[in-house]
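# Remarks on the overall topology
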Amino acid sequence: MANGQSDGALLTGFSASRSEGAFEELVRRHSPLVLNACRRVLGPGPDAEDAAQAVFLALAQKAPALRRHHSVAGWLHRVAWYVARDARRTRQSRAKHEQEAARAMPPSIPAEKYEELRRHLDGELDGLPKKYRLPIILHHLGGNPVSFRKRS
C-alpha cells in the first residue's frame, strides 16, 4: 500500500485516520536506523530494543505535528539518541542503587542457622513483658516508627 509514499504522506495518513498500514510502513522503513542508534548508546540487547519501541511510541503520539516533514529520519534519529541516553542514565542509576543495597544487606545466613536464630529471637520476645515486647515488635519487625518517650 504505502511503499511508494513519502514519510510525510504516511504521517498524514496515520494522523488523519490512524491507518495501521501507514504506521507499519514507517516502522518498517525506519526500524534499522532507530535500533542502530539505540544500540550505539546502549549496546545490543533488550534495553536497546525497548528504547527503539519507545521512539516509535513517541512517533505515534507526535505524528500530527510532524506531518509537514517529508522525511522523519532525522527526527527519529534525534529522538532515538535522547531516549537511549535517558535509558542508559536510568540503567546506571539503577545499578548504583542495587550495588548500594547489596553492600547494605547483611551477609547471607544458611537456612538452618536462620531458623535457629529466628526461634531464639521469638522465644526471647515472648519472654518480655507486653509493654516492652509490643514496641520492639512494631518497630524492628513491623517497620513502624514507635516513640519510646514516656507519656505525661
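Model, not experiment: these values are computed from the prediction.

Side chains that are three or four residues apart share a direction in an α-helix, a result of its 3.6 residues per turn. Taking 1.5 Å as the rise per residue, helix α2 (residues 20–42) with 23 residues should run 33 Å; its terminal C-alpha atoms sit only 29 Å apart, a clear shortfall. Residue His 30 marks the point of greatest curvature in α2, where the axis turns by about 55°; the proline Pro 32 follows within four residues. Along α2, the residues that are buried comprise Ala 22, Phe 23, Glu 25, Leu 26, His 30, Val 34, Ala 37, Cys 38, Val 41 and Leu 42. Looking at the buried residues of α2, the elements they touch are α1 (7–17), α3 (46–66) and α4 (73–104). Count one or two residues on from α2 and you reach Gly 43, which has phi positive near 85°.

There is a patch of nonpolar side chains on the surface, built from Ile 109, Tyr 114 and Leu 117 and spanning about 280 Å² of accessible area. Along the chain, the position of Leu 117 falls in helix α5 (residues 111–127). Accessibility expressed as a relative area gives 40% for Leu 117, which makes it partly exposed.

All chains considered together, the criterion is met by 8 salt bridges. A salt bridge links Glu 25 to Arg 29, with the shortest nitrogen-to-oxygen separation between them at 3.4 Å. In this pair, Glu 25 and Arg 29 are both assigned in helix α2, 4 residues apart and thus about one turn of the helix distant. A relative accessible area of 25% means that Arg 29 is categorised as partly exposed. Between Glu 116 and Lys 113 there is a salt bridge whose closest N-O contact spans 3.9 Å. In this pair, Glu 116 and Lys 113 are both assigned in helix α5, 3 residues apart and thus about one turn of the helix distant. Connected through salt bridges with shared partners, the residues Asp 7, Glu 25, Arg 28 and Arg 29 form a single ionic network.

Looking at the chain, pLDDT values average 85 and 88% of them are 70 or higher. Mean pLDDT across the elements of the chain ranges from a minimum in helix α6 (residues 130–141), with 82, to a maximum in α2, with 94.

Our focus in this paragraph is the nonpolar core. With 27 residues, the main nonpolar core has Leu 11, Val 34, Cys 38, Leu 59, Trp 75 and Leu 76 as its most contacted residues. Listed by contribution, the elements that provide at least two residues to this core are α1, α2, α3 and α4. Not counting residues up to four positions away in its chain, the partners in contact with Cys 38 are Gly 43, Ala 48, Ala 51, Ala 52, Ala 80 and Ala 84.

Conventions used here
Residues numbered from 1 in each chain as written. Predicted model: local features only at pLDDT ≥ 70, side-chain atom pairs only at ≥ 80, totals over all residues. Heavy atoms only, no water. Helix = DSSP H or I, 4+ residues; strand = E, 2+ residues; numbered from the N terminus. Expected span 1.5 Å × (residues − 1). Bend = angle between axes of the 7 residues up to and from the residue. Buried < 20%, exposed > 50% of the residue type's maximum accessible area, 1.4 Å probe, protein only. Contact = heavy atoms within 4.5 Å. Patch = residues over 30% accessible without salt bridge, like charges linked within 9 Å, V, L, I, M, F, W, Y side chains within 5 Å. Areas by Shrake-Rupley, 256 points an atom, 1.4 Å probe, with all protein chains shown as cover. Salt bridge = Lys/Arg side-chain N within 4 Å of Asp/Glu carboxyl O. pLDDT = per-residue confidence, 0-100. Core = buried A, V, L, I, M, F, W, Y, C linked by side-chain atoms within 4.5 Å.

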